[in-house]
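Chain by chain, the residues:
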Amino acid sequence: MIPNRHSSLARFAALLCALAAAPASAQQAAGDTAELDPIFDGTTLQGWDGDPAFWRVEHGAIVGETRADRPLTANTFLVWRGGTTRDFVLTLEYRMDTRNPAGNSGVQFRSSLLPEVGRWVMKGYQADIDAADAYTGQIYEERGRGFLARPGQVARVAPDGQVHALGSVGTPDMVKGFIKKGDWNDVRVVARGNVILELVNGHVTSLLVDDDERRARDGLLGLQLHAGPPMKIEFRNIRLKDLDAVTTLAHTDWLTDGGNPQRTAWQGAETLLSTRSAKDIRLLWKIMLDNVPREMHSLLPALVVGRVDTREGPKEIVIVTGVSDNLYAIDAGRGVLLWKKRFDHSAIGDTTPRSGLMCPGGITATPVIGRTAVAGRYTIYAVSWDGTLHQVNVADGEDVAPPAKFMPPNGKPYALNLWNNVLYTHTAQGCGGHPNVAYAYDLATGKVGSWGPAGGGMWGRTGPAISSKGVMYTGTGDGPWDPERGIYGNGIVGIQQNPSTKALELVDYFAPANAEWLFKRDLDMQVTPAIFDYKGRELMVSAGKECRVYLMDAESIGGDDHRTPLYHTPQLCNEGLNFASAGIWGAMASWVDTNGTRWVLAPFWGPKHSLFKAPVEHGEVREGAIAAFKLEERDGGLRLTPAWISRDMNRAEPPVVANGVVFAYGSGESTTQATPELGLRANSAEFRIKNSTHVVLYALDGQTGEELWSSGTQITSWNHWAGLSVANGRVYLGTFDGTVYCFGVGP
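Please read these numbers as outputs of a predicted model, since none were measured by experiment.

**Student:** I'd like a rundown of the pattern of salt bridges, residues and numbers included.
**Tutor:** Enumeration according to the criterion identifies 39 salt bridges in this entry. Linking R56 and E65 is a salt bridge whose minimum nitrogen-to-oxygen distance equals 2.9 Å. Under the relative-accessibility criterion, R56 is labelled partly exposed at 28%. Residue class for E65 comes out buried when judged on its relative accessible area of 16%. For D212, the salt bridge is made with R214, and the minimal N-O distance between the two is 3.2 Å. We classify D212 as buried; its relative accessible area is 1%. Among the residues examined, R214 registers a relative accessible area of 60% and is labelled exposed.

**Student:** I'd like a description of empty space enclosed by the protein, backed by residues and values.
**Tutor:** Tallying each qualifying case throughout the model produces seven cavities of 30 Å³ or more. Roughly 140 Å³ of internal volume is contained in the largest cavity. Along the walls of the largest cavity sit 17 residues, with D257, T462, P654, G723 and L724 positioned nearest its centre. Residues that form the lining of the largest cavity fall into these classes: ten nonpolar, three polar and four charged.

**Student:** Got a sec to walk through unusual backbone geometry? Specific residues and values, please.
**Tutor:** What you tend to see is this: most non-glycine residues have negative phi, and most peptide bonds are trans. Positive phi is not limited to glycine here, since R110 has a value of about 45°. Checked against the element boundaries, R110 lands in strand β7 (residues 104–113). Exposure remark for R110: the relative accessible area of 2% places this residue in the buried category.

**Student:** Tell me about the sheet that holds strand β25 (residues 378–383), and name the residues and values.
**Tutor:** Ordered by their spatial adjacency, four strands build an open sheet running β24-β25-β26-β27, and the pairing between neighbours is antiparallel. The sheet is open, and its two edges are formed by β24 (368–371) and β27 (399–405), each paired on a single side. Averaged over neighbouring strand pairs, the angle between their axes works out to 20° when direction is ignored. Here four bridges tie β24 to β25, and the two strands are oriented antiparallel to one another. Across the sheet, I369 pairs through a bridge with I380, a residue of β25.

**Student:** Describe in detail the layout of surface pockets, supporting the description with residues and values.
**Tutor:** Of the volumes computed, that of the second largest pocket is approximately 780 Å³. What lines the second largest pocket is a set of 30 residues, among which W48, D49, E270, T594 and N659 lie closest to the centre. Every element with two or more residues in the lining of the second largest pocket is listed here: β2 (48–49), β5 (76–85), β18 (266–267) and β42 (589–592). Within the lining of the second largest pocket, the residues separate by chemical class into ten nonpolar, twelve polar and eight charged.

**Student:** Break down the pairing of strand β26 (residues 388–393) for me, with residues and values.
**Tutor:** Buried residues dominate β26, accounting for six of its six residues. What you see with β26 is no split at all: T388, H390 and V392 on one side and L389, Q391 and N393 on the other are buried throughout. Here five bridges tie β25 to β26, and the two strands are oriented antiparallel to one another. What sits directly across from V383, in β26, is L389. Here β25 hands over to β26 after four residues, with G387 in that stretch at a positive phi of 85°. Bridging between β26 and β27 involves four bridges; their strand directions are antiparallel. Looking across to β27, one finds that L389 is bridged to A404.

**Student:** For the environment of L551, give the residues involved together with the corresponding values.
**Tutor:** Relative to the elements of secondary structure, L551 occurs in strand β40 (residues 549–553). Note on L551: relative accessible area 0%, which makes it buried. For L551 and K340, which are 211 residues apart along the polypeptide, the C-alpha to C-alpha distance reads 42 Å. Among residues more than four places away in sequence, those in contact with L551 are F532, L539, M540, V541, P565, L566, Y567, L631, L638 and L640.

Criteria and cut-off values
- Residues numbered from 1 in each chain as written.
- Predicted model: local features only at pLDDT ≥ 70, side-chain atom pairs only at ≥ 80, totals over all residues.
- Heavy atoms only, no water.
- Salt bridge = Lys/Arg side-chain N within 4 Å of Asp/Glu carboxyl O.
- Buried < 20%, exposed > 50% of the residue type's maximum accessible area, 1.4 Å probe, protein only.
- 1 Å grid on protein atoms, 1.4 Å probe; cavity = no way out; pocket = protein on both sides within 12 Å on 5 of 7 lines; lining within 4 Å.
- Points joined across faces, edges and corners; volume = space filled by probe spheres on them.
- Nonpolar A, V, L, I, M, F, W, Y, C, P; charged D, E, K, R; others polar.
- Helix = DSSP H or I, 4+ residues; strand = E, 2+ residues; numbered from the N terminus.
- Pairing = 2+ DSSP bridges.
- Axes fitted to C-alpha atoms, helices over the stretch in contact; angles between N-to-C directions.
- Contact = heavy atoms within 4.5 Å.

Quick look at the structure:
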């Protein structure tokens, strides 16, 4: 007896009963689809996201087409951004051009994106379509388990992942007989739990019972355009009925500081926020948490999980970390506290609570949230003040694994990053009396790897960025540049885990030509890089307090001599070479607009450099601004071309981007570290807190930098080393007084 076979087939029988009245042809389908909601308007690609070079709307249909002069080297997808598919009925019509007998396409469901591979790359279940009808009607898994239920087949995937044939609903030749070549064909996909049924023109063509515990239970819907010789596919009358009312509500995530492991700060899945809706942004809620500040630190950037299965049903949950070793879970819809967890070390004692403003003690690393094998369940990975790694269930705040030692106490780690089941972070300022070190924790083995730049502190605001090859990149400061002696201050280092020993090893490094001079002027290269794909090439941008942006190739970030980037900008700011209150601080951002243009954003403090110009400028900059660049190919190389400079902001902080809107803010923080009267004694929490003001949040047009909206005086406190998060039509920001603000559109 096959485990679960009877219950699965019983569910299948129930589905067939429900579908007994399914139409025999596409022409009869209209009445049957009345209860399904259209998700394509027939005239535009609104609500869909794909490469405009390959997708368009023509004569009421979505057209995907490749040509000899515009080929595809890898499969691309048009992604529906209106929600996800869990339990559902989907109907559509397709027409495949038969001039290319190798033409191939399909309909993705319960699928996910692979941003590390490309912007419009999907993996997951697929209702296959091809011009030769060798695969049409089968259930396939793109970039996964491959063939699951072939045309005419009833199949089961066992818990161990093995595929077994259970029977048939017809021969492959019978399935071919149902399909109209070169004409419109009706496809229907029904999914309930672990059972997936496909029909073509009213005939059952495949059935899958998927008992693999690793299977996807929820995910995105998309349309495939296959790489290869020129081909054309059309889709129309796309309708969806949700059999689980909560799953077709749009939900995106912000699971890590900077939005993704590459730290681009780009929410590519946003649909509610736009340049049109920005004027309607308002304060949806705010909540004051009981976190106690330490020095100038208070709340860390929020993390957002769009759909968490809880005892009360699915919820969108916001996770906020307080420096005093607190974790808070907030209901995103209502702005109410769901649970709080404090990492209690009373038995050990807070042995070195503070070492001045730079070393506040407490929890300083923004956690990271990881998905689990079970849809709707997520784990928070957080490092408390004593260097202990905690793994916490997002739904209820309970531990899901015993605490484990990760690093020494009070080392001031920065935001955690998660890549291929390994956690990465780094420390700075020599806090706790420890050297500045990069750390990795292998979740599979519990082994810790570390590597130090011998004097260079790594204090990029959003922690390290991770490339597609698993290399951790971070800027360094507070140290000289002398690689022959193993000293890598005032540069950028690339560090990678050894797959066998789990140790961290230096694999690449870069320093500007004037690195030694930068060290003497305390102009650190401490900014978190942003890594992105550009025409199949992985690039990276970073910066420092001198206020130049560097463009690098991730294959070799400094060339053969480790000192030559692809390009660097002139100084944007810091004409006076101020070490404390000017320059680029924190992190970069990068995004792609609907025209395929790659943008790079740099936040800077202080006045704009008198010689730096952009085609569009929004007034005099005295306190700080956002500078936007376009990545362009010129004179046989790549360069960052200035596009716009934003309005003045009181200490412009790292921006985030969502659907063409750049969200940025002036922190209102007093960044003065020295005065003629007090000297460096001015760099104290008491002095700087007294002189700080309040945050102003701005929404800017990503194309022009024009101000679309601002929070004005609604935010009454300031923040230090915090940050923005954006998901599902909402933007989150925490302030020094312990308040979390949620601005957005919608109810």
